[in-house]
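Read off the chains here:
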Amino acid sequence: GGSHDYQPGGDNWNIGATSLLVAAVGLRPSKDNFRTALEGGALNAELNALIATLSTGPVGFSDELGTARYDLLRRTCMADGTLLQPSRAPLPIDRSYT
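This is a predicted model, so every value here is computed, not measured. (Residues numbered from 1 in each chain as written. Predicted model: local features only at pLDDT ≥ 70, side-chain atom pairs only at ≥ 80, totals over all residues. Heavy atoms only, no water.)

## Some points on the nonpolar core
Link 1 in the chain: Residues Phe34, Ala42, Ala45, Ala49, Ala52, Val59, Ala68, Leu72 and Leu73 constitute the largest nonpolar core, which totals nine residues.
Link 2 in the chain: Elements that contribute at least two residues to this core include exactly helix H2 (45–54) and helix H3 (70–73).
Link 3 in the chain: Per-element accounting of this core gives the leading share, three residues, to H2.
Link 4 in the chain: The contact partners of Val59, leaving out residues within four places of it in the chain, are Phe34, Ala52, Thr53, Thr76, Leu83 and Gln85. (Core = buried A, V, L, I, M, F, W, Y, C linked by side-chain atoms within 4.5 Å. Buried < 20%, exposed > 50% of the residue type's maximum accessible area, 1.4 Å probe, protein only. Helix = DSSP H or I, 4+ residues; strand = E, 2+ residues; numbered from the N terminus. Contact = heavy atoms within 4.5 Å.)

## Topic: H2
Link 1 in the chain: Those residues of H2 that sit buried are Ala45, Asn48, Ala49, Ile51, Ala52 and Thr53.
Link 2 in the chain: Buried-residue contacts for H2 involve H3.

## A look at the pattern of salt bridges
Link 1 in the chain: Overall, the coordinates contain three salt bridges when judged by the stated rule.
Link 2 in the chain: The partner of Arg75 in a salt bridge is Asp71, and the shortest N-O contact between them spans 3.9 Å.
Link 3 in the chain: By relative accessible area, which is 54% here, Arg75 ends up exposed.
Link 4 in the chain: Here the salt bridges share partners, and the residues they tie into one network are Glu46, Arg69, Asp71 and Arg75. (Salt bridge = Lys/Arg side-chain N within 4 Å of Asp/Glu carboxyl O.)

## Topic: a nonpolar patch on the surface
Link 1 in the chain: Together, Leu20, Leu91 and Tyr97 line one region of the surface with nonpolar side chains, adding up to about 260 Å² of accessible area.
Link 2 in the chain: The class of Tyr97 is partly exposed, set by a relative accessible area of 47%. (Patch = residues over 30% accessible without salt bridge, like charges linked within 9 Å, V, L, I, M, F, W, Y side chains within 5 Å. Areas by Shrake-Rupley, 256 points an atom, 1.4 Å probe, with all protein chains shown as cover.)

## Brief notes about unusual backbone geometry
Link 1 in the chain: Unusually for a residue other than glycine, Thr56 sits at a positive phi of about 75°.
Link 2 in the chain: Looking at the element boundaries, Thr56 is found in the loop between H2 and H3.
Link 3 in the chain: A relative accessible area of 4% places Thr56 in the buried class.

Remember that the coordinates give geometry; whether it matters functionally is a separate question.
Structure, rendered in structure tokens:
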């Protein structure tokens, strides 16, 4: 079998806690790579693409050659390939830790 990161109910998209540490030391948080094609095992592809883009780190997709959903990937960047990212990564609010 492969990775269990994308099993139903998984929270691979939740990078909030690690983003706090990474951002505190001046680095850019990053979300793990993700798949966009349902036949490739993609779950929550839109959510994963959004989190990867907002993370301020690289946006890495891991679809098999020729199966990526380019309609989804094009929404993460401008026509010249520049990623549409905020100046700093979103961080969890204090209330999320109570």
